[in-house]
Amino acid sequence: MKLKKLAVTVVTAFFAYIGTEPAAETSAQTGRWVITTAYCSCTKCCGDDAIGLFASGNRVYWGGVAADWRVFPRGTRLEIEGFSLPFRVEDTGRLVKGAHVDIWMPSHRQAEEFGRQKLWATVRRL
Ligand SMILES: [Zn+2]
């Protein structure tokens, strides 16, 4: 009797293990290459209606990025190689299409110097 009970416990623990954590993590997190560019809030980058707000309505901040919401929906968290902080999709734009992430930067010069880079990103969906 004692042995049977142990076997049930082991089987239950096994299914609990395969059924929860690993599966949930792989569906919520994926790595992929993205084309990254940068922009700032100036009229050159955002046009004459530049108002210092992301499309989400939030005030611009370092860590907010623009993306194609069909690929990376608003609120998606992105960890991009070379950056210590995680980014968050806050903005979108006509010229941001597909696997392209446009990183908001506080100055136009920084955005220009960043240029265009293909970087590895870890994407965490909500
Ligand atoms: Zn600019």
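Read on for a plain summary of the structure.

What counts, and at which threshold
- Residues numbered from 1 in each chain as written.
- Predicted model: local features only at pLDDT ≥ 70, side-chain atom pairs only at ≥ 80, totals over all residues.
- Pairing = 2+ DSSP bridges.
- Helix = DSSP H or I, 4+ residues; strand = E, 2+ residues; numbered from the N terminus.
- Axes fitted to C-alpha atoms, helices over the stretch in contact; angles between N-to-C directions.
- Core = buried A, V, L, I, M, F, W, Y, C linked by C-beta atoms within 7 Å.
- Buried ≥ 20, exposed ≤ 12 C-beta atoms within 10 Å, placed from the backbone.
- Contact = placed C-beta atoms within 7 Å.

**As for the sheet that holds strand E5 (residues 100-104)**
Phase 1 of the analysis: The strand order around the closed barrel built from six strands is E1-E5-E2-E4-E3-E6, with neighbouring strands paired in mixed fashion. Sheet twist, expressed as the mean angle between neighbouring strand axes with direction ignored, is 50°.

**Some remarks on the nonpolar core**
Phase 1 of the analysis: Counting residues in hydrophobic clusters, the biggest one holds 16 residues, and the most contacted among them are Val65, Ala67, Phe72, Leu78, Val101 and Ile103.
Phase 2 of the analysis: Contributing elements (two or more residues each) for this core: strand E1 (29-39), strand E2 (64-67), strand E4 (87-91) and E5.
Phase 3 of the analysis: Contact partners of Phe72, with chain neighbours within four places excluded, come to Ala67, Leu78, Val89 and Val123.

**Quick notes on the pairing of E1**
Phase 1 of the analysis: Here eight bridges tie E1 to strand E6 (residues 117-124), and the two strands are oriented antiparallel to one another. By the bridge assignment, Val34 is partnered in E6 with Leu119.

**Examining the environment of Trp120**
Phase 1 of the analysis: Looking at the element boundaries, Trp120 is found in strand E6.
Phase 2 of the analysis: Residue classification places Trp120 among the exposed residues on the basis of 12 C-beta atoms within 10 Å.
Phase 3 of the analysis: Distance in space between the C-alpha atoms of Trp120 and Val34 is 6.2 Å, their sequence separation being 86 residues.
Phase 4 of the analysis: Leave out the neighbours within four places in its chain, and Trp120 touches Gly31, Trp33 and Glu81.

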